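Chains, contacts and geometry: an overview
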Amino acid sequence: MVDTRVEGGDGGIRTFPFPVELSVGGVGMQIGPMGSTDHTWHADEAPLERVHRIDFHVVMLFSRGPVRHMIDFTEYEASAGDLLWIRPGQVHRFSRAGDYRGTVLTMQPGFLPRATVEATGLYRYDLPPLLRPDDAQLTALRSALAQLQREYEDTTTLPLSLHTSVLRHSLTAFLLRLAHLAASSAEAARQQADTTFTLFRDAVEKGFATNHSVSAYADQLGYSRRTLVRAVRAATGETPKGFIDKRVILEAKRLLAHTDMPIGRVGAAVGFPDAANFSKFFHQHTDVTPASFRADLR
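Here the structure is a predicted model, which is why all the values come from computation and not from measurement. (Residues numbered from 1 in each chain as written. Predicted model: local features only at pLDDT ≥ 70, side-chain atom pairs only at ≥ 80, totals over all residues. Heavy atoms only, no water.)

1. Some thoughts on the sheet that holds strand 10 (residues 102-107)
Filter applied, for reference: When DSSP finds two or more bridges between two strands, those strands count as paired. Only runs of H or I of at least four residues qualify as helices and only runs of E of at least two qualify as strands under DSSP, and these elements are numbered from the N terminus. Contact between two residues is taken to exist if any of their heavy atoms lie within 4.5 Å; hydrogens are not considered. To get an axis, a line is fitted to the C-alpha atoms, and for a helix only the part in contact is used. The angle between two axes follows their N-to-C directions and goes from 0 to 180 degrees.
Overall, antiparallel pairing links the five strands, which are arranged 3-10-5-8-11 in an open sheet. Either end of the sheet is taken by a strand with one partner, and the two such strands are strand 3 (29-34) and strand 11 (130-131). Alignment of strand 5 (residues 57-62) against strand 8 (residues 83-86), held across four bridges, turns out to be antiparallel. Bridge pairing in strand 8 places valine 58 opposite isoleucine 86. Packed onto the sheet, helix 2 (residues 135-153) meets strand 3, strand 5, strand 8 and strand 10 and runs at close to 115 degrees relative to strand 3.

2. Focus on the packing of helix 6 (residues 240-258) against helix 8 (residues 275-286)
Two numbers describe a pair of packed helices, the interaxial angle and the distance between the axes. How we decide: Should an angle fall under 35 degrees it is taken as roughly parallel, and over 145 as roughly antiparallel, whereas 65 to 115 is taken as roughly perpendicular and any remaining angle as oblique.
In contact at an axis separation of 11 Å, helix 6 and helix 8 are set at 105 degrees when each is read in the N-to-C sense. With respect to helix 8, the axis of helix 6 lies roughly perpendicular. Of the residues in helix 8, those in contact with Asp245, Val248, Ile249, Ala252, Lys253 and Leu256 of helix 6 are Phe278, Phe281, Phe282, His285 and Thr286.

3. A closer look at the confidence of the model for the protein
What counts is decided by this rule: Each residue carries a pLDDT value, the predictor's own confidence for that position, ranging from 0 to 100.
Of the residues in the protein, 89% reach a pLDDT of 70 or more, and the chain-wide mean stands at 85. When pLDDT is averaged over each helix and strand of the protein, the minimum, 36, is found for strand 1 (residues 4-6) and the maximum, 95, for helix 8.

4. Looking at the side chain of glutamine 30
Test applied: Residue burial is assigned from relative accessible area. The probe radius is 1.4 Å, only protein chains are included, and a residue is buried under 20% of its type maximum, exposed over 50%, and partly exposed in between.
Along the chain, glutamine 30 falls in strand 3. Owing to a relative accessible area of 16%, glutamine 30 belongs among the buried residues under this scheme. In this structure glutamine 30 touches Phe18, Pro19, Leu22, Ser23, Val104, Leu105, Thr106 and Tyr152, once residues within four positions along its chain are discounted.

5. As for unusual backbone geometry
Although it is not a glycine, aspartate 287 sits at a positive phi angle of roughly 70 degrees. Along the chain, aspartate 287 falls in the loop between helix 8 and helix 9 (290-296).

6. Focus on empty space enclosed by the protein
Filter applied, for reference: Only protein atoms enter the 1 Å grid used here. Points where a 1.4 Å probe fits but cannot escape make up a cavity, open sets with protein on both sides within 12 Å along at least five of seven lines make up a pocket, and a residue lines them when an atom lies within 4 Å of a point. Grid points are joined across faces, edges and corners, and a volume is the space filled by probe spheres set on the points. Residue polarity is assigned by list, with Asp, Glu, Lys and Arg as charged and Ala, Val, Leu, Ile, Met, Phe, Trp, Tyr, Cys and Pro as nonpolar; anything else, Gly included, falls into the polar class.
Under the counting rule described, the total for this entry stands at one cavity of 30 Å³ or more. Taken as a whole, the largest cavity encloses approximately 40 Å³ of empty space. Every residue lining the largest cavity is listed: His57, Val59, Trp85, Leu105, Met107, Leu122, Leu171 and Leu175. Contributions of two or more residues to the lining of the largest cavity are made by strand 5, strand 10 and helix 3 (160-207). The residue inventory of the lining of the largest cavity, partitioned by class, reads seven nonpolar, one polar and no charged.

7. Observations concerning helix 4 (residues 214-221)
Residues separated by three or four positions in an α-helix point in the same direction, a consequence of the helix having 3.6 residues per turn. Counted only if it meets this: Note that the arc is defined by the directions from the helix axis to the C-beta atoms. Nitrogen and oxygen atoms within 3.5 Å of one another constitute a polar contact, given that in protein one can donate a hydrogen and the other can accept it, and given that sequence-neighbouring residues count only through two side-chain atoms.
Within helix 4 the residues assigned to the buried category are Val214, Tyr217 and Ala218. On an axial view of helix 4, the arc spanned by its buried residues comes to 100 degrees, and they lie on one face. Relative to its buried face, helix 4 has exposed residues pointing more than 90 degrees away, namely Asp219 and Gln220. Where helix 4 begins, the capping side chain belongs to serine 213, and its oxygen is found 3.4 Å from the backbone nitrogen of serine 215. Positioned one or two residues after helix 4, glycine 222 has a phi angle of 80 degrees, which is positive.

8. Focus on helix 2
Where we set the bar: Multiplying 1.5 Å by the residue count of a helix minus one yields the expected span of that helix.
Spanning 19 residues, helix 2 covers 27 Å between terminal C-alpha atoms, matching the ideal 27 Å at 1.5 Å per step. All buried positions along helix 2 are accounted for by Leu138, Leu141, Ala144, Leu145, Leu148, Glu151 and Tyr152. In an axial view of helix 2, the angular spread of the buried residues amounts to 155 degrees, which keeps them on one side of the axis. Turned more than 90 degrees off the buried face of helix 2, the exposed positions are Asp135, Ala136, Thr139 and Glu153. Sitting at the amino-terminal end of helix 2 is aspartate 134, which places a side-chain oxygen 3.2 Å from the backbone nitrogen of alanine 136.

9. Concerning the packing of aromatic side chains
Put simply, the test is: Classification of ring pairs uses Phe, Tyr and Trp, with its six-membered ring standing for Trp, and accepts pairs whose centres are within 6.5 Å; under 30 degrees between planes counts as stacked, over 60 as edge-to-face, and the remaining range as tilted. Geometrically, a lysine NZ or arginine CZ counts as sitting over a ring once it is within 6 Å of the ring centre and also within 35 degrees of the ring normal.
Enumeration according to the criterion identifies eleven aromatic pairs in this entry. Their ring planes at 45 degrees and their centres at 6.1 Å tell us that phenylalanine 62 and tyrosine 100 sit as a pair that is tilted. Of the two residues, phenylalanine 62 sits in strand 5 while tyrosine 100 sits in the loop between strand 9 (91-93) and strand 10, which places them 38 residues apart along the sequence. There is no split in this pair, since phenylalanine 62 and tyrosine 100 are both buried. The interplanar angle of 80 degrees and the centroid separation of 5.7 Å between the aromatic rings of phenylalanine 200 and tyrosine 217 together place this pair among those described as edge-to-face. Placement of phenylalanine 200 in helix 3 and of tyrosine 217 in helix 4 is noted, with a sequence separation of 17 residues between them. One aromatic cluster in this structure is built from Phe272, Phe278, Phe281, Phe282 and Phe293. In this structure, arginine 87 packs its charged tip against the face of tryptophan 85, placed 3.8 Å from the ring centre. Above the face of the phenylalanine 111 ring, arginine 168 is positioned so that its terminal group lies 4.8 Å from the ring centre.

This is the structure in structure tokens:
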């Protein structure tokens, strides 16, 4: 497979193929220690602190940290005992200052049979790339990875065909554990997002008449703005600001439709002491003025 580039930007984003020439026996996987500065996929390639793609799987189990690593333009911070799972086609970048220590596994697409690919969720791009196993999970993963490395390095006790079969079985055992961790991590993240959104929704319901600030809600709930954005987007598909504005507009419509309050008082009731600002806000979100909205209902 040849090296490709995606046009655009500073020469495009380079895509690296699986480095078959660096794998023991030419099999479709590699496993070995991570070096702190040796961030290359091929012996003759440039360092990979620049954004690039790969067309194979990479799993890094860290023994040191923290290390910041960008995957699909999101920065992840991995510590000792954490794993990063990068899938084919994902854009990523090594951190120049990162002390990458631990074990790295790479795997060529097609090395495992289709049934195993499906069972291990190899192409579940919805699953989180950063995985944080508990102590028991980490012990099991390390054991499976160590067994896989021993089989990979043992090229003398079996003919190549059997050696490759054993590698596939050992790799499958490790990936099944990894896939279970990824799926359970995703479920835990969804539950956390649901909890975060529920707290945000309740806070907005209590405070929308006076508080339209995303940062203020984040501070009140003890979350970072980024965490709040992720949770609200996962639950509703919109931003926290969009959610707040929608609730304000709903209340304004209710007051305009079911009361005779002057428009200025309606605006004040939903957090706009200045009537002109309220009218501008209402028009931006409904394409009609408050007066027109009320008139159309009567």
